[in-house]
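# Close look at the chain arrangement
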Amino acid sequence: MPKMKTKKSAAKRFRVRPGGTVKRGQAFKRHILTKKTTKNKRHLRGAVNVHDSNLGHMAQMMPFAGL
């Protein structure tokens, strides 16, 4: 059976926290920022958790992350 491999694009975008949750960055903060309100941009700061319904996909993409 072939080796299991980690999806390297997922490994660069997500981090697994010690409690088992997965940290991700916010989208919609890269360009075309002039038409977005200051409040909207402020709420897009920081990191958030990946939703629980997507953790199965995360476990497939990162099999060695301990999910």
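Sequence positions are assigned chain by chain, starting from 1 and proceeding in written order. In keeping with the predicted nature of the model, local features appear solely for residues at pLDDT of at least 70, side-chain atom pairs appear and are counted solely at 80 or more, and the whole-chain, interface and lining totals rest on all residues. Each side-chain value is worked out from all heavy atoms of the structure, with water and hydrogens disregarded.

- Per an unreviewed UniProt entry, the protein carries the name Large ribosomal subunit protein bL35 and comes from Saezia sanguinis.
- UniProt positions are given in the numbering used here, feature names are shortened, and annotations may be inferred rather than shown by experiment. Under the heading Sequence similarities (unreviewed entry), UniProt records this for the protein: "Belongs to the bacterial ribosomal protein bL35 family."

### Some words on the overall build of the protein
- Runs of H or I in DSSP of at least four residues are treated as helices and runs of E of at least two as strands, each being numbered from the N terminus. If you tally the helices and strands in the protein, you get three helices and three strands.
- Reading the protein from its N end, one meets helices and strands in the order α-β-β-α-β-α.
- Radius of gyration means the value over C-alpha atoms here, while the globule rule gives 2.2 Å times the residue count to the 0.38 power. A compact globule built from 67 residues would reach a C-alpha radius of gyration of about 11 Å, whereas the protein, at 15 Å, exceeds it by more than 25%.
- The principal-axis extents of the C-alpha atoms in the protein amount to approximately 50 × 25 × 20 Å.
- Put simply, the protein has 67 residues, and 10% of those count as buried.
- Note on contacts: a residue pair qualifies if any of its non-hydrogen atoms lie within 4.5 Å across the two residues. For the protein, the proportion of contacts with a sequence separation of at least 24, taken over those separated by at least 6, is 56%.
- Per-residue and other accessible areas follow the Shrake-Rupley method at a 1.4 Å probe size, with only the shown protein chains counted as cover for residues. Per element, the accessible surface of the protein, about 5,800 Å² overall, is 55% carbon and sulfur. Burial classification: accessible surface area is computed with a 1.4 Å probe over protein chains only, and a residue below 20% of its type maximum counts as buried, one above 50% as exposed, and the rest as partly exposed.

### Some points on the pairing of strand 2 (residues 22-25)
- Strand pairing is assigned whenever DSSP detects at least two bridges linking the two strands. Here strand 1 (residues 14-16) pairs with strand 2 via three bridges, running antiparallel. Paired with Phe14 across the strands is Arg24, a residue of strand 2.
- Counting the residues between successive antiparallel strands, the hairpin from strand 1 to strand 2 contains five residues, one of them, Gly20, with a positive phi of roughly 100 degrees.
- Summarising the sheet, strand 2 and strand 3 (residues 47-49) pair through three bridges and their orientation is antiparallel. By the bridge assignment for strand 3, Arg24 is matched with Val48.

### A few points about a positive patch on the surface
- Together, Lys29, Arg30, Lys39, Arg42 and Arg45 line one region of the surface with positive charge.
- Inspection of the secondary structure puts Arg30 in the loop between strand 2 and helix 2 (38-43). For patch detection, residues must exceed 30% relative accessible area and be free of salt bridges, and they are connected within 9 Å for like charges or within 5 Å for nonpolar side chains (Val, Leu, Ile, Met, Phe, Trp, Tyr). Whenever a carboxyl oxygen of Asp or Glu lies within 4 Å of a side-chain nitrogen of Lys or Arg, that contact is scored as a salt bridge. We treat Lys and Arg as the positive residues and Asp and Glu as the negative residues; His and chain ends play no part in the count. Charge positions are represented by NZ for Lys, CZ for Arg, CG for Asp and CD for Glu.

### Considerations on the nonpolar core
- Definition of nonpolar core: a set of buried residues of the types Ala, Val, Leu, Ile, Met, Phe, Trp, Tyr and Cys, connected through side-chain atoms within 4.5 Å. In this structure, Ala10, Phe14, Val22, Val50, Met58 and Met62 together form the largest nonpolar core, which totals six residues.
- If we skip the residues at most four places from it in the chain, Ala10 touches Met61 and Met62.

### Describing the sheet that holds strand 1
- As summarised here, the arrangement of the three strands in space is 1-2-3, forming an open sheet in which the pairing is antiparallel. Both edges of this open sheet fall to strand 1 and strand 3, since each of them pairs with a single strand only. Across the sheet, the mean angle from the axis of one strand to that of its neighbour is 35 degrees, orientation sign disregarded. Lines fitted to C-alpha atoms define the axes, with helix axes restricted to the stretch in contact, and inter-axis angles between N-to-C directions lie between 0 and 180 degrees.

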